[in-house]
Amino acid sequence: MRRVAPRYRDNLARHLIGISRDLQGRVRESLVERGHRGLRPSYGPLLSLVRDEGRALSALAAELAVSVQAASQLVKGAEAAGYLTRRPNPADRRSKLVAPTRRGRALIEDGVEIILASEADYAAQVGAPAYRRFTRALAALYRGLALPVHSDPVLIARASHSVGVLPPIALYLERELMRATSARGHGGLKMAFGQVLPLIGPEGGHIHEIARVQRVSRQAISAISQELEGLGYLERRPDPRDRRGVVLVLTRAGAALIRDSVAAVDDLEKRFRAVLGARRLEALTQVARDLYRALRLEAEIFESAPARRPGRHDVSRLASRLRRSLGRGDTERLAALLGRRAEGAAP
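What you see is a predicted model; the values in this text were computed from it and never measured.

S.K.: Help me understand the overall build of the chain in this model?
M.R.: Looking only at helices and strands, the chain has 16 helices and five strands in total. Residues classed as buried in the chain amount to 48% of the 347 residues present. Partitioning the intrachain contacts of the chain with sequence separation of at least 6 by distance along the chain shows that 67% fall at a separation of at least 24.

Printed below as a string of structure tokens:
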């Protein structure tokens, strides 16, 4: 496991999925600021797959790598929130098509605008030239994998050279990794497990830390962890840092799952090399690694660096974390407040 762990924590698929989750967290927070209500993290992948003309529930389930029953529950939730509707299927009277409502289309359009606005911070983290190489490589991968999932050509054009193509790429990665590890003998896997397993660090994982990184409730992470325990991939042990707490650790089966997922990552990167070529793949890998580290998405779990004097990059990272935690509106109000105090303290 020691030989596998570095590769498991440092690979292109992990970095792209992590950046995608950060992006989707920003989008959710900004959408709430714009007045959209009833949002759930699971609606993002679902809405990205829905087209104006509608899609069959079975097709959505296959794309999301969940059962038809699970996909139906997702659709019901989005219907109740007013974002989706079901209409008759002209090709099959026994089934219906899932399509966005007017409110759902407004949500998707606002999401595209927020994605484009988020890019300024990402570009600041790695530099504009590197970020352009990153988005161009993403666009090429998006096309090469035949992933455009929305029928609106305007939205596709607006997102095709931006990080907006990353969520469907990340969904593809998660689905393929799950399928590959399932084929290696690991049963009962779900897409939701990706919220927990990658964040089990060398000393284990804590539910509250994982929930904070993933921007979901502790109850959600606890429920996923219990499923993983039931399947034999995780177990709970007393937390040496807190006698009242517990820490999640990998079992022998969990360690085997990690090893097989690394093999699946290697296979995926071979596929990407065939699509992008070695040079463009290397550029994508390097910039994705740099952006992932600059955002410090998992620093609290995997890093324990000694205290040092903060520098310019630390301030930039702190600002990025504040934007993720507070949302754009609250961050701007905090900046204005601090600016007024600084002016009052000036000689």
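S.K.: Any chance you could explain the pattern of salt bridges here in plain terms?
M.R.: Opposite charge on two side chains allows them to pair when their charged atoms are near. Under the defined criterion, the tally for this structure stands at 19 salt bridges. One salt bridge connects Arg 26 with Asp 22, and the closest N-O pair in it is separated by 2.9 Å. Taken together, the positions of Arg 26 and Asp 22, both in helix 2 (residues 12-33) and four residues apart, correspond to about one turn of that helix. Taking relative accessible area as the criterion, Arg 26 reaches 8% and is therefore assigned buried. Judged by its relative accessible area of 4%, Asp 22 falls in the buried class. The residue Asp 267 makes a salt bridge to Arg 184 at a minimum N-O spacing of 3.2 Å. Of this pair, Asp 267 sits in helix 12 (residues 252-276) while Arg 184 sits in the loop between helix 9 (166-183) and helix 10 (207-214), and the two are 83 residues apart along the sequence. In this structure Asp 267 comes out as partly exposed when scored by relative accessible area, which is 35%. A residue is classified by how much of its surface remains accessible, and Arg 184, at 35% relative accessible area, is partly exposed.

S.K.: Could you clarify how one ought to interpret helix 2 in this entry?
M.R.: Two residues of an α-helix separated by three or four positions point the same way, owing to the 3.6 residues in each turn. The first and last C-alpha atoms of helix 2 sit 32 Å apart over 22 residues, in line with the 32 Å expected at 1.5 Å per residue. Counted residue by residue, helix 2 has 18 buried out of 22 residues, so it is predominantly covered. For helix 2, the N-terminal capping position is held by Asn 11, with its side-chain oxygen 3.2 Å away from the main-chain nitrogen of Ala 13. Positioned one or two residues after helix 2, Gly 35 has a phi angle of 100 degrees, which is positive.

S.K.: Would you mind going over the nonpolar core with me for this structure?
M.R.: If you look at soluble globular proteins, the nonpolar side chains tend to sit buried side by side. One finds Phe 134, Leu 138, Val 163, Ile 169 and Phe 272 to be the most contacted residues of the largest nonpolar core, which totals 87 residues. Other than its neighbours up to four places away in sequence, Val 163 contacts Leu 23, Ile 115, Glu 119, Tyr 122, Tyr 131, Phe 134, Thr 135 and Leu 138.

S.K.: Explain the sheet that holds strand 1 (residues 55-56) to me, please; I cannot follow it from the model alone.
M.R.: Within a sheet, adjacent strands bond to each other through the backbone by hydrogen bonds, running parallel or antiparallel. A sheet is described by the order of its strands in space; here three strands give the open sequence 1-3-2, paired in antiparallel fashion. Pairing within the sheet leaves two strands with one partner each, and these edge strands are strand 1 and strand 2 (84-88). Alignment of strand 1 against strand 3 (residues 96-100), held across two bridges, turns out to be antiparallel. When the bridges of strand 3 are listed, Ala 56 appears paired with Leu 97.

S.K.: What exactly am I supposed to notice about a positive patch on the surface here?
M.R.: A cluster of like positive charges, contributed by Arg 132, Arg 133, Arg 136, Arg 143 and Arg 280, occupies part of the molecular surface. Within the fold, Arg 136 resides in helix 7 (residues 128-144).

S.K.: Could you clarify how one ought to interpret the packing of helix 7 against helix 9 in this entry?
M.R.: A pair of packed helices is captured by two measures, namely the crossing angle of their axes and the spacing between those axes. Helix 9 packs onto helix 7 with a crossing angle of 55 degrees between their chain directions and a minimal axis gap of 10 Å. Looking at the two axes, helix 7 sits oblique to helix 9. Note that helix 7 runs across helix 9; the crossing there is left-handed. Seen from helix 7, the contacting residues are Leu 138, Leu 141 and Tyr 142; seen from helix 9, they are Leu 166, Pro 168 and Ile 169. Of the residues that constitute the contact of helix 7 with helix 9, the class distribution is six nonpolar, no polar and no charged.

Quick notes on the rules
- Residues numbered from 1 in each chain as written.
- Predicted model: local features only at pLDDT ≥ 70, side-chain atom pairs only at ≥ 80, totals over all residues.
- Heavy atoms only, no water.
- Helix = DSSP H or I, 4+ residues; strand = E, 2+ residues; numbered from the N terminus.
- Buried < 20%, exposed > 50% of the residue type's maximum accessible area, 1.4 Å probe, protein only.
- Contact = heavy atoms within 4.5 Å.
- Salt bridge = Lys/Arg side-chain N within 4 Å of Asp/Glu carboxyl O.
- Expected span 1.5 Å × (residues − 1).
- Polar contact = N/O pair within 3.5 Å; in protein donor to acceptor, adjacent residues only side chain to side chain.
- Core = buried A, V, L, I, M, F, W, Y, C linked by side-chain atoms within 4.5 Å.
- Pairing = 2+ DSSP bridges.
- Patch = residues over 30% accessible without salt bridge, like charges linked within 9 Å, V, L, I, M, F, W, Y side chains within 5 Å.
- Areas by Shrake-Rupley, 256 points an atom, 1.4 Å probe, with all protein chains shown as cover.
- Lys, Arg positive; Asp, Glu negative; His and termini not counted.
- Charge placed at Lys NZ, Arg CZ, Asp CG, Glu CD.
- Axes fitted to C-alpha atoms, helices over the stretch in contact; angles between N-to-C directions.
- Parallel < 35°, antiparallel > 145°, perpendicular 65-115°, else oblique.
- Left-handed = near helix turned anticlockwise from the far one by under 90°.
- Nonpolar A, V, L, I, M, F, W, Y, C, P; charged D, E, K, R; others polar.

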